[in-house]
Amino acid sequence: MSEDILHQIRITSRNHDVEMNEEKHNRALLLIEDMCYLMCDAPGGTGKTFLMSVVLATVRVRSNIAAAVASFGIAATLLEGCRTAHSALKLPLNLQTIEEPTCNITKNSAMAKVLSASKIIIWDECTMAHKRALEALNRTLKDLRNDSRCFGGAMILLSVRFPPNTASNSKIYGCRRNKRLPQIVQSMALCEETAADNKHESCIA
């Protein structure tokens with residue numbers, strides 16, 4: 001984020017000799033604090049799982065809590081300490097019929113403490129979940145954290161993979177462009193496929 005801000009300043013000022021200072025670093029921190037969630041949008045083979053594994057390991061090696069969930073079991077096995085979203089978040093089975101669903105997590109439960117203390121919450125393959133699952137997590141985190149901000153002020157990383165003609169699929173389209181959730185998003189796109197022999201490197205645009 002700091003490097004992005006520095007790059008923008010260099011471009012707008014047309015001065016590539018501008019260096020990072022405390023003011024620019026503080027500006028990046030403020031933007032991160034105001035950010036509701038991150039979205040990593042990329043096709044298969046570009047390194048989303050590797051990126052999420054690095055994020056989880058970096059947070060945990062600093063003795064902080066990082067929670068990881070996935071929309072289905074196979075995806076959950078690819079990340080350390082990851083569980084399916086329905087299992088970890090206790091999502092209602094009848095999401096489609098509930099107007100304002102919430103997660104079945106009590107404030108004194110172990111999962112409530114994990115979600116309240118997590119520095120980041122990662123949701124892999126979130127486009128495979130119903131959009132109301134995100135709404136349920138949003139309401140639950142607001143309640144658990146006693147914070148009215150989006151997702152209770154928690155840092156959320158959503159790993160997504162939108163197929164072609166996304167606009168024609170109302171369920172997937174509605175998941176990303178959910179009008180009930182504030183549009184405060186920092187979107188990242190892995191744009192180069194990563195070969196198995198690591199000859200190519202993934203890049204973030």
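Definitions and limits used
- Residues numbered from 1 in each chain as written.
- Predicted model: local features only at pLDDT ≥ 70, side-chain atom pairs only at ≥ 80, totals over all residues.
- Heavy atoms only, no water.
- Salt bridge = Lys/Arg side-chain N within 4 Å of Asp/Glu carboxyl O.
- Helix = DSSP H or I, 4+ residues; strand = E, 2+ residues; numbered from the N terminus.
- Buried < 20%, exposed > 50% of the residue type's maximum accessible area, 1.4 Å probe, protein only.
- Axes fitted to C-alpha atoms, helices over the stretch in contact; angles between N-to-C directions.
- Parallel < 35°, antiparallel > 145°, perpendicular 65-115°, else oblique.
- Contact = heavy atoms within 4.5 Å.
- Nonpolar A, V, L, I, M, F, W, Y, C, P; charged D, E, K, R; others polar.
- Pairing = 2+ DSSP bridges.
- Right-handed = clockwise from strand over helix to strand, strands pointing away.
- Polar contact = N/O pair within 3.5 Å; in protein donor to acceptor, adjacent residues only side chain to side chain.
- Core = buried A, V, L, I, M, F, W, Y, C linked by side-chain atoms within 4.5 Å.
- pLDDT = per-residue confidence, 0-100.
- Expected span 1.5 Å × (residues − 1).

This brings us to the pattern of salt bridges. Pairing between side chains of opposite charge can happen when the charged atoms of each approach one another. For the structure shown, the criterion picks out 4 salt bridges. The closest approach of N and O atoms between Arg132 and Glu99, which form a salt bridge, is 3.9 Å. Of this pair, Arg132 sits in helix H7 (residues 131-145) while Glu99 sits in the loop between helix H5 (85-89) and helix H6 (110-117); the two residues are 33 residues apart in sequence, bridging distant segments of the chain. For Arg132, a relative accessible area of 15% gives the class buried. With its nearest N and O atoms 3.5 Å apart, the salt bridge here joins Lys107 to Asp143.

Packing of H6 against H7 leaves a shortest axis separation of 10 Å and a crossing angle of 90°. The orientation of H6 relative to H7 falls into the category roughly perpendicular. Listed contacts from H7 to Ala112, Leu115 and Ser116 of H6 are Leu141, Leu144 and Arg145. Residue composition of the contact of H6 with H7, grouped by class: 4 nonpolar, 1 polar and 1 charged.

A few words on the pairing of strand E5 (residues 156-160). Counting buried residues in E5 gives 5 out of 5 residues, a clear majority hidden from the surface. Both faces of E5 are covered, namely the face carrying Ile156, Leu158 and Val160 and the face carrying Leu157 and Ser159. Here 3 bridges tie strand E4 (residues 118-124) to E5, and the two strands are oriented parallel to one another. Residue Trp123 lies in a different strand from E5, and its bridge partner there is Leu158. Handedness of the E4-H7-E5 crossover: right-handed.

The subject of this paragraph is the side chain of Ser109. Residue placement: Ser109 occurs in the loop between H5 and H6. Here Ala112 takes part through its backbone nitrogen, which lies 3.3 Å from a polar atom of the side chain of Ser109.

With that settled, the discussion passes to the nonpolar core. In terms of nonpolar packing, the biggest core is built from 29 residues, with Leu89, Leu91, Leu115, Trp123 and Leu141 touching the most fellow members. When residues of this core are traced back to their parent elements, those giving at least two are strand E2 (65-70), H5, H6, E4, H7 and E5. The greatest single-element share of this core, amounting to 6 residues, is contributed by H7. By size, the runner-up hydrophobic cluster in this structure holds 17 residues, among which are Ala68, Ala70, Leu79 and Ile120.

Another aspect to go through is the confidence of the model for the chain. Of all residues in the chain, 67% have pLDDT values of 70 or greater, and the mean over the chain is 76. Confidence scores differ between elements of the chain, with helix H8 (residues 170-176) showing the lowest mean pLDDT of 44 and E2 the highest of 95. Low confidence marks residues 194-205, where pLDDT is under 50. Its contacts with residues over four positions away, or in another chain, come to 21 contacts.

So, on to H7. Between the first and last C-alpha of H7 there are 22 Å, a value that for 15 residues agrees with the 21 Å anticipated at 1.5 Å per step. For H7, the set of buried residues is Arg132, Ala133, Leu134, Glu135, Ala136, Leu137, Asn138, Thr140, Leu141 and Leu144. Downstream of H7 by a residue or two, Asn146 has a phi angle that is positive, lying close to 50°.

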